[in-house]
Amino acid sequence: MNKNAESRARRLFAGVNSSLSRTDPEFVEIISNFSQDETANANILTEKERMLCILAALLGCQGMGEFQNMLHAALNIGVDPVAIKETCDFLIAANGIMEQHGVRLPLAPQASTNEEARFERGLAKQVELFGPDMAKRQMDGPALRRNINRWLADNCFGDYYTRGGLDYKQREMITFCFLAALGGCEPQLTSHAGANLRIGNDNAFLIQVISQCLP
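As the structure is a computational prediction, the values presented were derived from the model and not from experiment.

Draft legend 1. Layout of the overall build of the protein chain. Helix and strand counts for the protein chain come out as 13 helices and zero strands. In sequence order, the secondary structure elements of the protein chain are arranged as α-α-α-α-α-α-α-α-α-α-α-α-α. Taking 2.2 N^0.38 as the reference for a compact globule, 215 residues should give roughly 17 Å; the C-alpha atoms of the protein chain span a radius of gyration of 19 Å, in line with that estimate. For the protein chain, the C-alpha atoms occupy an extent of roughly 60 × 35 × 30 Å along the three principal directions. Each of the 215 residues in the protein chain was classed as buried or not, and the buried ones make up 41%.

Structural data, given as structure tokens:
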């Protein structure tokens, strides 16, 4: 492992128990040199942005083992536990690692809406990100899909996008990573690429985001 990768890995992965350096040193060297030197140094993202992208991609591809490793790294560099909780559904694994890092659970509530306001606020955020056609879908879309359209507004955007912990640029960045890692979601990925561009996560930024998820 080269010196840059070794120094970075030692800082990021304190607390990670892995036998791979003993059983598979060549694999560890290749992975570490690529992910912790080559791609990390060809990077314009902040450390926090980089970690959020990686955690979202690992959630999308169901990479539980590596998610746990990278969660240690995210906490070790000071990513706010609230931001991490807003990124993932791997909550049991996340809670166990957070407790190892001395994080007191539960975290402070982050909801900023309620049952009466969630639909209107969620729909307003959809319109802001994707344009006025999102409002039209609530009434003009096929009748059989209207429940799904409403749930997209009130649950996905009303319940989640309105929460604290992450700003809207970060949420769109994370959604972009998640969809890219899932695969088979190209129409949704294209739509959220447009939303990222609309709120200021430009083309160069998105290329950097994907680059940090590649390893």
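Draft legend 2. Looking closely at the nonpolar core. By size, the foremost hydrophobic cluster in this structure holds 34 residues, and its most contacted members are Leu71, Ile84 and Val209. A per-element tally of this core places helix H4 (residues 47-60) first, with eight residues. Non-local contacts of leucine 71, meaning those with residues more than four positions away in its chain, are made with Leu55, Ile84, Ala94 and Ile97. Counting residues in hydrophobic clusters, the runner-up holds seven residues, among them Phe130, Phe157, Tyr161 and Ala195.

Draft legend 3. Structural detail: H4. The terminal C-alpha atoms of H4, which comprises 14 residues, lie 20 Å apart, in line with the 20 Å expected from a rise of 1.5 Å per residue. H4 sits mainly inside the fold: eleven of its 14 residues count as buried. All buried positions along H4 are accounted for by Arg50, Met51, Leu52, Cys53, Ile54, Leu55, Ala56, Ala57, Leu58, Leu59 and Gly60. Those residues of H4 hidden inside the fold are in contact with helix H1 (3-12), helix H3 (25-41), helix H5 (64-76), helix H6 (81-85), helix H11 (168-182) and helix H13 (203-213). Just downstream of H4, glutamine 62 is the residue with a positive phi angle, here 60 degrees.

Draft legend 4. Layout of a nonpolar patch on the surface. Among the surface-exposed residues, Leu20, Phe27 and Ile31 lie close enough to one another that they form a single nonpolar patch of about 260 Å² accessible area. For phenylalanine 27, a relative accessible area of 47% translates into the label partly exposed.

Draft legend 5. Inspection of the pattern of salt bridges at higher detail. Throughout the structure, instances matching the rule amount to ten salt bridges. Where arginine 163 meets glutamate 86, a salt bridge forms, and the shortest distance between an N and an O atom there is 2.9 Å. Placement of the pair is arginine 163 in the loop between helix H10 (146-161) and H11 and glutamate 86 in the loop between H6 and helix H7 (91-100), with a sequence separation of 77 residues. Judged by relative accessible area, arginine 163 falls into the partly exposed class, the value being 25%. We note a salt bridge from aspartate 154 to arginine 118, for which the minimum N-O separation is 3.5 Å.

Draft legend 6. Geometry of the environment of glycine 165. For glycine 165, the position within the fold is in the loop between H10 and H11. Take glycine 165: its relative accessible area is 32%, and that puts it in the partly exposed class. C-alpha of glycine 165 to C-alpha of alanine 111: the two residues are 54 residues apart in sequence and 9.6 Å apart in space. Beyond its immediate chain neighbours, meaning those up to four positions away, glycine 165 contacts Val82, Ala83, Glu86, Gln110 and Gln170.

Draft legend 7. Just H3, in detail. Taking 1.5 Å of rise per residue, 17 residues should cover 24 Å, and H3 covers 22 Å from first to last C-alpha, within 8% of that figure. Of all bends in H3, the biggest is about 30 degrees, found at phenylalanine 34. Among the residues of H3, those classed as buried are Val28, Ser32, Asn33, Ser35, Gln36, Asp37, Thr39 and Ala40. Buried positions along H3 lie against H1, helix H2 (20-23), H4 and H13.

Draft legend 8. Here's a closer look at unusual backbone geometry. For the bond running from leucine 105 to proline 106, omega is 0 degrees, close enough to zero to count as cis. Summarising the element assignment, proline 106 is placed in the loop between H7 and helix H8 (118-130). The backbone phi angle of glutamine 62 is positive, close to 60 degrees, even though this residue is not glycine. Mapping glutamine 62 onto the fold places it in the loop between H4 and H5.

Parameters at a glance
Residues numbered from 1 in each chain as written. Predicted model: local features only at pLDDT ≥ 70, side-chain atom pairs only at ≥ 80, totals over all residues. Heavy atoms only, no water. Helix = DSSP H or I, 4+ residues; strand = E, 2+ residues; numbered from the N terminus. Rg over C-alpha atoms; globule rule 2.2 N^0.38 Å. Buried < 20%, exposed > 50% of the residue type's maximum accessible area, 1.4 Å probe, protein only. Core = buried A, V, L, I, M, F, W, Y, C linked by side-chain atoms within 4.5 Å. Contact = heavy atoms within 4.5 Å. Expected span 1.5 Å × (residues − 1). Patch = residues over 30% accessible without salt bridge, like charges linked within 9 Å, V, L, I, M, F, W, Y side chains within 5 Å. Areas by Shrake-Rupley, 256 points an atom, 1.4 Å probe, with all protein chains shown as cover. Salt bridge = Lys/Arg side-chain N within 4 Å of Asp/Glu carboxyl O. Bend = angle between axes of the 7 residues up to and from the residue.

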